[in-house]
Amino acid sequence: RSAMQFISISKRTAGFVDADYLPLVEDEVERARELYKEGHIRQIWHRADIHGACLLWEADTEEDVRKMLDSLPFARAGMLEISIISLKPYAGFCSNK
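Reference entry: report on the structure contained in this document. (Residues numbered from 1 in each chain as written. Predicted model: local features only at pLDDT ≥ 70, side-chain atom pairs only at ≥ 80, totals over all residues. Heavy atoms only, no water.)

**Looking at the overall build of the chain**
Working step 1: The number of helices and strands found in the chain is 4 helices and 4 strands.
Working step 2: In the chain, the succession of helices and strands from N to C terminus is β-α-α-β-β-α-α-β.
Working step 3: In terms of overall dimensions, the chain has a C-alpha envelope of 60 × 30 × 20 Å along the principal axes.
Working step 4: Each of the 97 residues in the chain was classed as buried or not, and the buried ones make up 28%. (Helix = DSSP H or I, 4+ residues; strand = E, 2+ residues; numbered from the N terminus. Buried < 20%, exposed > 50% of the residue type's maximum accessible area, 1.4 Å probe, protein only.)

This is the structure:
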């Protein structure tokens, strides 16, 4: 079975300010780099509308994505609200011939 793809969409949890995030930034970046190098994170985008991020993941299950997200310092500290969306291939590019 091949890995599935997921998108996680995060935003800051209400009540936290920039200064709350600063002590964790370096560890957050390092952990994201590790997950990228391991092939779990495929893309990362900062949100343009609010503070937060969208990540494209490869994993076997949504639970695996959740565990990896929980290894990121901001999520572990409860500083993010995160939604995970499982993806499936677009059928319009498939040929039934």
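More follows now that the structure is in view.
**As for the pattern of salt bridges**
Working step 1: Throughout the structure, instances matching the rule amount to 7 salt bridges.
Working step 2: Put simply, Glu 58 and Arg 42 hold a salt bridge, and the shortest N to O gap is 3.2 Å. One end of the pair, Glu 58, is in strand S3 (residues 52-59); the other, Arg 42, is in strand S2 (residues 41-46), with 16 residues separating them in the sequence.
Working step 3: Classification of Arg 42 by relative accessible area gives partly exposed; the value is 38%.
Working step 4: Linking Arg 47 and Asp 49 is a salt bridge whose minimum nitrogen-to-oxygen distance equals 2.8 Å.
Working step 5: The class for Asp 49 is exposed, based on a relative accessible area of 55%. (Salt bridge = Lys/Arg side-chain N within 4 Å of Asp/Glu carboxyl O.)

**Here's the deal with the nonpolar core**
Working step 1: Counting 13 residues, the largest nonpolar core has Phe 6, Leu 35, Trp 57, Val 65 and Leu 69 as the members making the most contacts within it.
Working step 2: Elements that contribute at least two residues to this core include exactly helix H2 (25-37), S3 and helix H3 (62-70).
Working step 3: Considering every element that reaches this core, the biggest residue donor is S3, with 4 residues.
Working step 4: Discounting residues that sit within four places of it in the chain, Leu 35 has contacts with His 40, Ile 41, Trp 57, Met 68, Ser 71 and Leu 72. (Core = buried A, V, L, I, M, F, W, Y, C linked by side-chain atoms within 4.5 Å. Contact = heavy atoms within 4.5 Å.)

**Considering the environment of Ala 75**
Working step 1: Inspection of the secondary structure assignment puts Ala 75 in helix H4 (residues 73-76).
Working step 2: Separated by 65 residues in the primary sequence, Ala 75 and Ser 10 have C-alpha atoms spaced 9.3 Å apart.
Working step 3: The contact partners of Ala 75, leaving out residues within four places of it in the chain, are Leu 69, Asp 70, Leu 80 and Ile 82.

**Structural notes on H3**
Working step 1: Looking at H3, one finds that the buried residues are Val 65, Met 68 and Leu 69. The buried residues of H3 occupy one face: seen down the axis, they fall within an arc of 100°.
Working step 2: Summarising the contacts, the buried residues of H3 are in contact with strand S1 (4-12), H2, S3, H4 and strand S4 (80-86). (Arc of directions from axis to C-beta.)

**Considering the sheet that holds S2**
Working step 1: The strand order S2-S3-S1-S4 describes an open sheet built from 4 strands, whose pairing is antiparallel. Among the strands making up the open sheet, the edge pair consists of S2 and S4. For this sheet, the mean angle separating the axes of adjacent strands, direction not counted, is 15°.
Working step 2: Sheet analysis places S2 next to S3, joined by 5 bridges and oriented antiparallel. Across the sheet, Trp 45 pairs through a bridge with Cys 54, a residue of S3. (Pairing = 2+ DSSP bridges. Axes fitted to C-alpha atoms, helices over the stretch in contact; angles between N-to-C directions.)

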